[in-house]
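Results of the structural survey
One-letter residues, chain by chain:
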Amino acid sequence: MTVDFTLPAALEAHEPPEARGRTRDGVRLLVSRRATGALTHHEFRDLPGLLDPGDLLVVNTSATLPAAVRLDRISVHFSTPVQGAGDRLWLVELRRLTGKASRPYTGGSPGEWIPMPGGATLTLVGRHRHPARGESGRLWQARLSTDVVPYLRRHGVPIRYGHVRRDWPASAYQTAFAHDRSSGGAEMPSAARPFTPELVTRLVSRGVLIAPITLHTGVASPEAHEPPYAEPYTVPEATAALVGHVRARGRRVIAVGTTAVRALETAVDAAGRVQASSGWTEHIVTPEGGVRTVDGLLTGLHEPRSSHLMMLTAIAGRDLLTATYEAALAQCYLWHEFGDLNLILPG
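Here the structure is a predicted model, which means the values were calculated and not measured.

It is at 7 Å that the axes of helix H6 (residues 308–316) and helix H7 (residues 318–330) come closest, and there the two elements cross at 115°. Between H6 and H7, the residues in contact are Leu309, Leu312, Thr313 and Ala316 and Arg318, Leu320, Leu321 and Tyr325, respectively.

Have a look at this one:
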C-alpha cells in the first residue's frame, strides 16, 4: 500500500522555473531523514551542504527526445523501440488532441497507416502484448517508414501533458548530464533537471562523487498509472565498481531519480553487488522487495497512485513518506517535471 492524497491543481508546475523567475537550481528541496523523521526545507542550490564528502550521486545520462509528433487531430507519442526489431518498429501511444492538452485515443486498427509530416508513413502493426500483462490498451507496435530518432529530431516536439500549458523548446527538457543526443528517452529524467554546471562543480569540489547510468524512459501513463514497460538501460563497469567502493567504505549511494534506482536494482547480483549490465529492464521496486543498492534518493514529487510511490515507500518507509507529502502539500511545493524536489536520506 502506498501513499494516497489529493493533488490540488494550484500545486502543479505549469512551466519551467526559469519562467517563474527562478533559476534551474533555485527550485525548492524538501529533505526527509529516515533515522529521525526530520523534515527540512531548502533550495536545490543548497545540495552540496546536505551531502558528505565520499557520497556518490548516480545520475541518468539519457537525453530527452522530441518524442511527440502532432497531426491534425491526434498526436503520436513514440515510446521505445521494440526489442530486437531495428530502428523503425517502435511502441507508440496515440493521443487525441483536445485544445492544448491530449487524451488517450482508442481508435486505430492493425494495418492502418497514418500519413506523417515530411512524407513519412506510420503503419499500426498491432496492439502491444506484454507476456505477463496481456494486451496494452494504449500502446501500439508501429512501423515508421524511416529511422525514428532522426525523424523525431526533424519533426517532433517534447511530450507535453495537460499541466504544462504551452510548448517549451527541447533545451528546457535536457539535463546537465545528457551526453548522447543520437538516442534518448521519451520523457525527461526530471530529478536531474535542477543541476547546473556550476552546481556540479561545487559538488565535486566538496568531494561528492558522480557516476552515470543510462535508462531511456518510455511514455508515461498519466491516466492509467500503469507501471513502466521494458526500457533499455546501461550500468557501466566503472559505475558498478564505484558503487561497490563507496558502499565498502560506509559512504552513501544516492540515486538521482527513480530511473537510476531501477537501473541499479536491475544490475545487482544475488550477493547484493552491482555488476556492469545492459539490456532491457522491467524491474519494479516495491516495499515488499525493497532496495539493495541505494541509501537515498533525490526525486520529484509524484502524483497520487503513481507506481513511483511504491519505490519511494521502499526507500523512505510509509510513515516518513506520508509525512513528507503532507509537508509538501502544506508548504505548497510544486509537482511534476518542472516542480520541486525531495531528497530522502538515511540520516
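The structure having been displayed, the exposition proceeds.
Moving on to the packing of aromatic side chains. Counted under the stated rule, the structure contains 7 aromatic pairs. On the numbers, 5.2 Å between centres and 45° between planes, the contact of Phe5 with Tyr325 is tilted. One end of the pair, Phe5, is in the segment before strand E1 (28–33); the other, Tyr325, is in helix H7, with 320 residues separating them in the sequence. Here Tyr325 falls in the buried class, since its relative accessible area comes to 1%. When the ring of Phe5 is compared with that of Trp335, the centres are 5.9 Å apart and the planes differ by 50°; the resulting orientation is tilted. Here Phe5, found in the segment before E1, pairs with Trp335, found in the loop between H7 and strand E16 (341–345); they are 330 residues apart in sequence, far enough to count as distant. By relative accessible area, Trp335 is classed as buried at 0%. Geometry around Tyr333 places Arg28 over its ring, the cationic atom sitting 4.0 Å from the centre. Over the face of the ring belonging to Trp168 we find Arg166, whose NZ or CZ atom lies 3.7 Å from the ring centre.

With 13 residues, H7 extends 18 Å from end C-alpha to end C-alpha; this agrees with the ideal 18 Å at 1.5 Å per step. For H7, every residue scored as buried is listed here: Leu320, Leu321, Thr324, Tyr325, Ala327 and Ala328. One face of H7 carries all of its buried residues, which in axial projection span an arc of 160°. Facing away from the buried side of H7, by more than 90 degrees, are the exposed residues Asp319, Glu326 and Ala330. Buried positions along H7 lie against E1, strand E2 (39–43), strand E15 (296–300), H6 and E16.

The tally for this structure, following the rule as stated, stands at 16 salt bridges. Arg45 serves as the salt-bridge partner of Glu43, at 2.4 Å between the closest nitrogen and oxygen. Take Glu43: its relative accessible area is 29%, and that puts it in the partly exposed class. Given a relative accessible area of 29%, Arg45 falls into the partly exposed group. The partner of Asp167 in a salt bridge is Arg70, with the nearest N and O atoms 2.7 Å apart. Taken as a pair, Asp167 in the loop between helix H2 (148–155) and helix H3 (197–206) and Arg70 in strand E4 (residues 68–70) lie far apart in primary sequence, 97 residues in all. Look at Asp167 and you get partly exposed, because its relative accessible area is 33%.

The rules behind the values
Numbering of residues starts from 1 in each chain and follows the order in which that chain's sequence is written. This being a predicted model, a pLDDT of at least 70 is required before a residue's local features are given, and a value of 80 or more before pairs of side-chain atoms are given or counted; all residues contribute to the totals for chains, interfaces and linings. With hydrogens and water excluded, all non-hydrogen atoms of the structure serve as input to the side-chain values. Angles run from 0 to 180 degrees between N-to-C directions of axes, and those axes are lines fitted to C-alpha atoms, restricted for helices to the stretch in contact. A run of DSSP states H or I qualifies as a helix once it reaches four residues; a run of E qualifies as a strand once it reaches two. Both are numbered from the N-terminal end. Residues are treated as being in contact if the distance between any of their heavy atoms lies within 4.5 Å. A pair of Phe, Tyr and Trp rings is counted when the ring centres sit within 6.5 Å of each other, with Trp represented by its six-membered ring. The angle between the planes then sorts it: under 30 degrees is stacked, over 60 is edge-to-face, the rest tilted. Three labels apply to residues, based on accessible area from a 1.4 Å probe with only protein chains included: buried if under 20% of the type maximum, exposed if over 50%, partly exposed otherwise in between. Here, a charge over a ring means that NZ of Lys or CZ of Arg falls within 6 Å of the ring centre while also lying within 35 degrees of the ring normal. Given a helix with a known number of residues, its expected span is that number minus one, times 1.5 Å. Throughout, the arc means that of the directions going from the helix axis to the C-beta atoms. Any carboxyl oxygen of Asp or Glu that lies within 4 Å of a side-chain nitrogen of Lys or Arg is treated as forming a salt bridge with it.

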